[in-house]
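# Reading the structure
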Amino acid sequence: MAVYSHMQKADSLPEKNGFEMSIPGGLSTPESDWYPFVMTFNDDIGFQNFTGNKNLSLTILYNFPAFSAIKGCSRLYDPSSPYCSSFYGAYAVSSSDSAHYGFNADGSLDEDSISQVPQFDMQRLVLSAFGLKSADMVFDWSKTDSGSAEYAGYDDWVWVDAELTVNSSAHTADGFLQPYLQYGVPHYDTETDFEPIKMYGRVYARYFDEYNCSIFFYILAADADVIDECDQNILSKSEIIEL
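The text that follows walks through the structure, step by step, so that each part is easy to find. Predicted model, so just to flag it, every value in this text is computed and none were measured.

### With respect to the pairing of strand β6 (residues 154–167)
Side chains on a regular strand alternate between the two faces of the sheet. When strand β5 (residues 139–151) meets β6, the two strands line up antiparallel, connected through 11 bridges. Within β6, the position partnered with A149 by the bridge is W157. Hairpin connection, β5 to β6: the antiparallel pair is bridged by 2 residues, and A152 has positive phi, about 50°. Relative to strand β7 (residues 196–208), β6 runs antiparallel, the two sharing 10 bridges. Within β7, the position partnered with A162 by the bridge is G201.

Set out below in structure tokens:
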């Protein structure tokens, strides 16, 4: 997966637009919480089809829960874990028509679109790859708090906290699927595959004129404490570096 991620990074929005998003991985903390390395993935066409906007390009940086030494797979699948279905990383979105994706004309955050990339990511790139049908997908996002902050060395970020209901990644394997190369084959007991669960989200958003790009740092977790811990110990230490 590291080789594939490196290939994706070479064709990513940051590389094309002259910057790098450096995000610490699980090795940056002493706990067995997250996978050691952050991965990169691009999906312009998929995101265009999802949004109906053919002008958009999307790069995703993501990390997922660490592997269990006993189960031999990621805790992403563990329905009893606070890391169930959890991810963190960043989204970079650019529009060829110079529109500032995720923001209104006056520069304020377009709250209707703040959950759009996480929804695309969870439903189209994660859950559908595990075999969940679109008709069975659930994604409800409700903002609980918001504000402004300095982040990753820049000011004028807007942050949003939310509660959401989304299908769990916990399921029983029925044959081999490509995502198992990355997350391992699930070996946790689950009563109901892809059962909708309550989760928590945090997003930091900012538009960068110099890169013609909207950047969103994000955390999605099954436990609010994981949000705070990941933010404080990992994600807030991210850097945006001009190339």
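So that's the structure; there's more coming.
### As for the environment of S238
With respect to the secondary-structure elements, S238 resides in the loop between α6 (224–233) and β9 (239–242). Distance in space between the C-alpha atoms of S238 and T165 is 27 Å, their sequence separation being 73 residues. With sequence-adjacent residues up to four places away left out, S238 is seen in contact with S22, I23, P24, A152 and F217. A polar side-chain atom of S238 sits 2.7 Å from the main-chain carbonyl oxygen of L235.

### Digging into α6
The α-helix advances 3.6 residues per turn, and as a result positions three or four apart in sequence lie on the same side. Of the residues making up α6, those classed as buried are V226, I227, C230 and D231. Down the axis, α6 shows its buried residues gathered within 125° of arc, on one side only. Elements that come into contact with the buried residues of α6 comprise β4 (87–95), β5, β7 and β8 (213–221). Where α6 starts, the residue carrying a side-chain oxygen 2.7 Å from the main-chain nitrogen of D225 turns out to be D223.

### Examining unusual backbone geometry
The backbone of A152 sits at a positive phi, close to 50°, despite the residue not being glycine. One non-glycine residue, F194, lies in the positive phi region at around 55°. Relative to the helices and strands, F194 resides in the loop between α5 (180–183) and β7. On the accessibility criterion, F194 (11% relative accessible area) is buried.

### Quick word on the packing of aromatic side chains
One pass over the full model with this rule turns up 26 aromatic pairs. Pairing Y151 with Y204 gives two aromatic rings, centres 3.8 Å apart and planes at 15°, and the pair type is stacked. Of this pair, Y151 sits in strand β5 while Y204 sits in strand β7, and the two are 53 residues apart along the sequence. You can call Y151 buried: its relative accessible area is 6%. Arranged with centres 5.0 Å apart and planes meeting at 80°, the rings of Y154 and F208 form a pair that is edge-to-face. Placement of the pair is Y154 in strand β6 and F208 in strand β7, with a sequence separation of 54 residues. Overall, the relative accessible area of 21% leaves Y154 in the partly exposed class. A relative accessible area of 0% means that F208 is categorised as buried. Feature note: the residues Y35, F37, F64, F67, Y77, F87, F130, F176, Y180 and Y183 constitute an aromatic cluster, connected by ring pairs. For the cation-ring pair, R206 lies above F208, with the distance from its terminal atom to the ring centre recorded as 4.5 Å.

About the cut-offs
Residues numbered from 1 in each chain as written. Predicted model: local features only at pLDDT ≥ 70, side-chain atom pairs only at ≥ 80, totals over all residues. Heavy atoms only, no water. Pairing = 2+ DSSP bridges. Helix = DSSP H or I, 4+ residues; strand = E, 2+ residues; numbered from the N terminus. Contact = heavy atoms within 4.5 Å. Polar contact = N/O pair within 3.5 Å; in protein donor to acceptor, adjacent residues only side chain to side chain. Buried < 20%, exposed > 50% of the residue type's maximum accessible area, 1.4 Å probe, protein only. Arc of directions from axis to C-beta. Phe/Tyr/Trp six-rings, centres within 6.5 Å; stacked < 30°, edge-to-face > 60°. Lys NZ or Arg CZ within 6 Å of the ring centre and 35° of its normal.

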